[in-house]
There are 2 protein chains.
Amino acid sequence: MKKLLFLTLCSLLCTAPTSAQQGEPEYVTPTSIVAASSADEWVAIDPDDLLVMQLAPDGAGNPRTVVIQLIPAPFSQPWVANIRTLARAEWWDGTSVNRVQDNYVTQWGDVTEEKPLPEGVTAPEASYAVGARDSCNFSSERGHRVFADCPIGQFILPDVAVVGGHVGFEKGWPLARAEHSLWPIHCYGYVGVGRGYAPDTGTGAELYTVIGQPQRHMDRNLAVIGRVIEGMQHLSSLPRGSGELGFYTEEEAHLRVPIISIRLGSELADAPSSEYLSTDSESFAQYVHVRANRNDSFYRSPAGGVDICNVEVPVRRVGE
Amino acid sequence: MKKLLFLTLCSLLCTAPTSAQQGEPEYVTPTSIVAASSADEWVAIDPDDLLVMQLAPDGAGNPRTVVIQLIPAPFSQPWVANIRTLARAEWWDGTSVNRVQDNYVTQWGDVTEEKPLPEGVTAPEASYAVGARDSCNFSSERGHRVFADCPIGQFILPDVAVVGGHVGFEKGWPLARAEHSLWPIHCYGYVGVGRGYAPDTGTGAELYTVIGQPQRHMDRNLAVIGRVIEGMQHLSSLPRGSGELGFYTEEEAHLRVPIISIRLGSELADAPSSEYLSTDSESFAQYVHVRANRNDSFYRSPAGGVDICNVEVPVRRVGE
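Residues numbered from 1 in each chain as written. Chains lettered and ligands numbered in written order. Predicted model: local features only at pLDDT ≥ 70, side-chain atom pairs only at ≥ 80, totals over all residues. Heavy atoms only, no water.

## Examining the interface of chain B and chain A
Link 1 in the chain: Taken residue by residue, the interface counts 72 residues in chain B and 71 residues in chain A.
Link 2 in the chain: Counting the surface lost from both chain B and chain A, the interface buries some 6600 Å², and carbon and sulfur atoms represent 56% of this.
Link 3 in the chain: Our enumeration of links across chain B and chain A arrives at 0 salt bridges.
Link 4 in the chain: Where chain B meets chain A, there are 22 residue pairs in polar contact (both at pLDDT 80 or more).
Link 5 in the chain: Across the side of chain B that touches chain A, the residue classes tally to 32 nonpolar, 23 polar and 17 charged. (Contact = heavy atoms within 4.5 Å. Buried area = accessible area lost by both parts, 1.4 Å probe. Salt bridge = Lys/Arg side-chain N within 4 Å of Asp/Glu carboxyl O. Polar contact = N/O pair within 3.5 Å; in protein donor to acceptor, adjacent residues only side chain to side chain. Nonpolar A, V, L, I, M, F, W, Y, C, P; charged D, E, K, R; others polar.)

What follows is the structure, given as C-alpha cells:
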C-alpha cells in the first residue's frame, strides 16, 4: 500500500514525527517542525473563544462534532458578540446545514429565515477592516523572503489578492494589510457571516465556511469570524445541493443536516482544551519557511514561496 | 430563502445571465461575461482528450459520472499516453477510490498495487516542466495589471508560488513560467499522477485530484495530467479516510467507491461534447478582470487581484 501513495503533509492536528527510512537522512518537514516545537511556543485557546457544534449523527450513527475558534477583537467584535449571544440563547438548536456548494461554501442557520433573533442581535454598522496600528515599510525588493521586524506578527508575505499591501500572521491569525488597515481573510475552513445585499452586514446567525479554493474576493466584503479547528470533514464532505448557489432544494430537504446544538466552550463541562502554535514563535517561522521550500525525500523542487492560506496555523488538543 | 443567502459566482458550468432586480443597474459579473460571450470564442474539446469515469452509484442509486479533460502536449505527454493505454485496456475497471484526505486530495487506482500494467506502461524519465518557447520580459512594476502581448497566452499574473516568474493561461490551461520553463499547476479539481519517492515519476495508473486549497508545492514535483470538468462533487464529497494520509483503513474498506469503468471519450458512442472558453478571447480577458475586481450589488470592495486558481476556465457542454 505504501509504494504508490504519494506522501503529503500531515493534517492540521498531526504531530507525529517524521521517521527516516533506513539509511536516509532526516528531512525537515512542516510536520517535523511542529513535532519538535517546545511546549512554551503554544498558546491556549480560551474556552469562550470556542464554538462547539453538534450535528446529527451520520448514517452509521457516528457523532459529528465541529469545533470553531472565534477570531479575537478587534476583527469581528460586533459579530462575535452576537454569536456568543446566539449560542447562549441556544438559538441554533434545531436549525440545519442548508447549503453546500462545491469548491465554495457550506452554510448553516435557520432555513425558514423566520426564527426570531435574541434581543440585541442585529446586523452591525461595522467595517470589515480595522485600522492598522502601524504601517510597515514593506519593499517589493524583499520579494518572497520571510522576514521579521514588522508590526504585523513576524511575517510579511506577498499576496496577489492584496493590492499595495501584503499578508502576515498576528496572534495566530492570517491577516491582510494595505493602506493602514488590517483585515482577516477567507482561507479553507474559515468561517464567515452570511448576509443579504450591501449595506447589510449580517447578524452572525447565518454562518458559512469555505470548502475549496480560498475565496479571497470575499475579504472585506463579508465578516470572517473564526475558523474550523476540528471536524471540518463533517462540513466539507456533505452532499452538494442542486439548487441555486448550492442550496438544498425542497426535494433534497432530507439532506439538510440537523444541528443538535451550538455552545460556547465556556458553557460546556467537557469543552475541548486546545492550543495553537504561536505565530510569533521560532518554530512557526521555520514552519512557514519549510512550507514555502519543501525539500525532502519526496519533494525535490521547492517552490520558494507559498500562499498564506497554504500555511495552516497548527492547532492541537492540549496534551496531544 | 433569498434574504440571508450570500450570493456567489455560478459553478463552472453555469451560464445563466445575471438578472437585474427591479430598478437596479445591470452589474457585470464573471457569470454575465460568460453568458454574453460569442459562440466563436469557445473551443471544442477533442473526445480523445476526455476521460469518462463511472463510479458505482451512490447510496440512493444515483449514477456518479466524472469527466476529466486531459492536458495537451507537451505538458504531460508520457503520462497521458500511458493513461490512454490504461483506459483502452480497461485497466481501471474494478479498481476503486482509496484515499480521501480533507483539504488535500482524493486518490484512485488499484488498492492491491499488484494488478499488472499493460505492456509499455512505465514511469517515464520525464521532467515536470518543459522549455518555454520564449521568455517574457515581465516587469514587477506592472504589478497586478492584466496585460496582453506576451507569449504565454494573453495574461501574465503575479504569483507567490513562482519565484522569479509568473503565471498565465495558454490553450485553456493555467501555467506557470520561470527561467525559460513552463509547467502546469495544482488547482482545485486538477488531476495528477501518484508516485513513490523520487526519482519515481509514476505511471498514471494511480491518479489524484485536489479537493481543497490548491497545493502549489506539488507543482514540478508531481505530474499534472488534466482537470475534472464534470462531476467533481462525486470525488470531493466522499467520506474522509481515517488512515495515514487519508487512506481508508481495512475497517473502512466499504467506503472505497468502486470504479465501474474509465474510458476515453473517443471510445464512447455517447461521449460528452464539451467546449472551453478560449483563454485568448476577449471575453476571457474580461472574465479575468472581473474575477479580480468584483464590483456589483453584492461585492463592494474589489480585491484588485486574483489567484490564478480562482480563475476557473469556463467549460460547458456544447449547446448549453
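So, next bit.
## Thoughts on unusual backbone geometry
Link 1 in the chain: In this model, Ala73(A) is joined to Pro74(A) through a cis peptide bond whose omega is 5°.
Link 2 in the chain: Topologically, Pro74(A) is positioned in the loop between β3 (64-70) and α2 (77-88).
Link 3 in the chain: Omega for the bond connecting Ala198(B) with Pro199(B) falls within 30 degrees of zero, at 10°, which places this linkage in the cis form.
Link 4 in the chain: In this structure, Pro199(B) sits in the loop between β10 (190-193) and β11 (207-210).
Link 5 in the chain: In this structure, Leu245(A) is a non-glycine residue whose phi angle is positive, near 60°. (Helix = DSSP H or I, 4+ residues; strand = E, 2+ residues; numbered from the N terminus.)

## A closer look at the pattern of salt bridges
Residues and elements named next belong to chain B.
Link 1 in the chain: The full count for this structure, using the stated rule, is 24 salt bridges over all chains.
Link 2 in the chain: Its salt-bridge partner being Asp102, residue Arg240 comes within 2.8 Å of it at the nearest N-O pair. Of this pair, Arg240 sits in the loop between α3 (233-236) and β13 (259-264) while Asp102 sits in the loop between β4 (96-100) and β5 (105-109), and the two are 138 residues apart along the sequence.
Link 3 in the chain: Its relative accessible area of 12% is what places Arg240 among the buried residues. (Buried < 20%, exposed > 50% of the residue type's maximum accessible area, 1.4 Å probe, protein only.)

## A look at the pairing of strand β7 (residues 165-170) of chain B
Residue and element names in this part refer to chain B.
Link 1 in the chain: The buried fraction of β7 amounts to 6 of the 6 residues, a majority that puts the element mostly inside the structure.
Link 2 in the chain: One ladder, built from 6 bridges, connects β7 with strand β8 (residues 173-178); its direction is antiparallel. In the sheet register, His166 faces β8, and the bridge partner there is Arg177.
Link 3 in the chain: Linking β7 back to β8 in an antiparallel pair, the connection comprises 2 residues, with Lys171 at a positive phi of about 50°. (Pairing = 2+ DSSP bridges.)

## Quick word on the packing of aromatic side chains
Link 1 in the chain: In total, this model carries 13 aromatic pairs over all chains according to the counting rule given.
Link 2 in the chain: With 5.6 Å between their ring centres and 10° between their planes, Trp79(A) and Tyr128(A) make a pair best called stacked. Separated by 49 residues along the polypeptide, Trp79(A) in helix α2 and Tyr128(A) in the loop between β5 (105-109) and β6 (130-131) bring together distant segments of the chain.
Link 3 in the chain: By relative accessible area, Trp79(A) is classed as buried at 0%.
Link 4 in the chain: Tyr128(A) sits in the buried class, given a relative accessible area of 15%.
Link 5 in the chain: Their ring planes at 80° and their centres at 4.9 Å tell us that Phe169(B) and Phe284(B) sit as a pair that is edge-to-face. Of this pair, Phe169(B) sits in strand β7 while Phe284(B) sits in helix α4 (residues 282-292), placing them 115 residues apart in sequence.
Link 6 in the chain: The buried category is assigned to Phe169(B), whose relative accessible area is 0%.
Link 7 in the chain: Members of the aromatic cluster, joined through ring pairs, are Phe169(A), Phe284(A) and Tyr287(A). (Phe/Tyr/Trp six-rings, centres within 6.5 Å; stacked < 30°, edge-to-face > 60°.)

## Considerations on the relation of the copies chain B and chain A
Link 1 in the chain: When chain B is brought onto chain A, the operation consists of a screw motion whose angular component is 180° and whose axial shift is 0.0 Å, with 0.0 Å RMSD remaining. Classification of the inter-copy transformation places it as that of a two-fold axis.
Link 2 in the chain: Interface overlap between copies: 99% of the residues of chain B at the interface are likewise at the interface in chain A, consistent with a symmetric, same-surface contact. (Least-squares fit on C-alpha atoms with pLDDT ≥ 70 in both.)

## As for the sheet that holds β6(A)
Residues and elements named next belong to chain A.
Link 1 in the chain: Spatially, 4 strands are ordered β6-β9-β8-β7 in an open sheet, and the strand pairing comes out antiparallel. Since the sheet does not close on itself, it has two edges, and those belong to β6 and β7 (165-170), each with one partner.
Link 2 in the chain: The pairing of β6 with strand β9 (residues 181-184) spans 2 bridges and is antiparallel. Following the sheet pairing, Gly131 is matched in β9 by Ser181.

## Here we look at the environment of Ala87(A)
All names here are of chain A.
Link 1 in the chain: Relative to the helices and strands, Ala87 is located in helix α2.
Link 2 in the chain: Its relative accessible area of 0% is what places Ala87 among the buried residues.
Link 3 in the chain: In sequence terms Ala87 and Leu264 are 177 residues apart; their C-alpha atoms lie 6.3 Å from each other.
Link 4 in the chain: Sequence-distant contacts of Ala87, defined by excluding residues within four places in its chain, comprise Leu51, Trp92, Ile262, Arg263, Leu264 and Glu267.

## Describing the state of the cysteines
All names here are of chain A.
Link 1 in the chain: Throughout the structure, instances matching the rule amount to 2 disulfides over all chains.
Link 2 in the chain: Linked covalently through their sulfurs, Cys187 and Cys309 form a disulfide whose S-S length is 2.1 Å. Its S-S torsion of about -75° marks the bond between Cys187 and Cys309 as left-handed, since a negative value means left-handed. Of this pair, Cys187 sits in the loop between β9 and β10 (190-193) while Cys309 sits in the loop between α4 (282-292) and β15 (315-317), and the two are 122 residues apart along the sequence. (Disulfide = S-S within 2.5 Å.)

## Examining the environment of Ile262(A)
Residues and elements named next belong to chain A.
Link 1 in the chain: Relative to the helices and strands, Ile262 resides in strand β13 (residues 259-264).
Link 2 in the chain: Under the relative-accessibility criterion, Ile262 is labelled buried at 3%.
Link 3 in the chain: In this structure, the C-alpha to C-alpha distance between Ile262 and Asp49, residues 213 residues apart in sequence, is 13 Å.
Link 4 in the chain: Residues in contact with Ile262, not counting those within four places in the same chain, are Leu51, Val52, Met53, Ala87, Trp92, Asp93 and Trp108.

## Focus: the sheet that holds strand β9 (residues 181-184) of chain B
Link 1 in the chain: Here 4 strands make up an open sheet; going across it, the order is β6-β9-β8-β7 (chain B) and the pairing antiparallel. Whereas interior strands pair on both sides, the edge strands pair on one side only; in this sheet they are β6 (130-131) and β7 of chain B.

## What to know about the confidence of the model for chain A
Residues and elements named next belong to chain A.
Link 1 in the chain: For chain A, mean pLDDT is 86; residues scoring 70 or higher make up 85% of the total.
Link 2 in the chain: In the model, residues 134-151 has pLDDT below 50 throughout and makes 36 contacts with residues more than four positions away in sequence or in other chains.
Link 3 in the chain: Across the interfaces of the predicted complex, the ipTM metric reaches 0.88, alongside a pTM of 0.89. (pLDDT = per-residue confidence, 0-100.)

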